[in-house]
Amino acid sequence: MKPKSIKPDELSKIFSDLKKGEESSIGSYLIKGVRLQISKFNLSGAERVQLLYKRRRTQGLCIVCGKKVTKKNASTGQLYRLCEDHRNKIDKGTK
């Protein structure tokens, strides 16, 4: 994942989010040519995958490949969790 460029004054907001324990501060940041990586310590593989899927879902991306999801679920009005290709392969069971 490419680091997000931020200004030094935005760093205080990230640190305040860390003090509150919010997961929104997790990520990789670039500040004046220095990379700062904030992540949870000693996560299991399942926990890392869960965070990745959660982050992709909130951004409207397919949880498998990361492509932008365009179709919405008719009953809930929310975007599907999978792109059209993976919906055909996984959810619908066709190949």
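Our subject in this report is the structure included herewith. Predicted, not measured: the structure shown is a model, and the values here were computed from it.

**Focus: the side chain of Asp-17**
Here is step 1: Residue position: Asp-17 is located in helix α1 (residues 11-20).
Here is step 2: Ignoring any residue separated from it by four or fewer positions in sequence, one finds Asp-17 in contact with Glu-22, Ser-24 and Ser-25.

**Digging into the pattern of salt bridges**
Opposite charge on two side chains allows them to pair when their charged atoms are near.
Here is step 1: Counted by the stated rule, this structure contains five salt bridges.
Here is step 2: Residue Glu-23 pairs with Lys-40 through a salt bridge whose shortest N-O separation is 3.2 Å. A residue pair is termed long-range when its members are at least 10 positions apart, and Glu-23 in the loop between α1 and β2 (27-31) and Lys-40 in the loop between β3 (34-38) and α2 (45-58) qualify at 17 residues.
Here is step 3: Under the relative-accessibility criterion, Glu-23 is labelled partly exposed at 34%.

Analysis parameters
- Residues numbered from 1 in each chain as written.
- Predicted model: local features only at pLDDT ≥ 70, side-chain atom pairs only at ≥ 80, totals over all residues.
- Heavy atoms only, no water.
- Helix = DSSP H or I, 4+ residues; strand = E, 2+ residues; numbered from the N terminus.
- Contact = heavy atoms within 4.5 Å.
- Salt bridge = Lys/Arg side-chain N within 4 Å of Asp/Glu carboxyl O.
- Buried < 20%, exposed > 50% of the residue type's maximum accessible area, 1.4 Å probe, protein only.

None of the figures reported here should be taken as evidence of function without further support.
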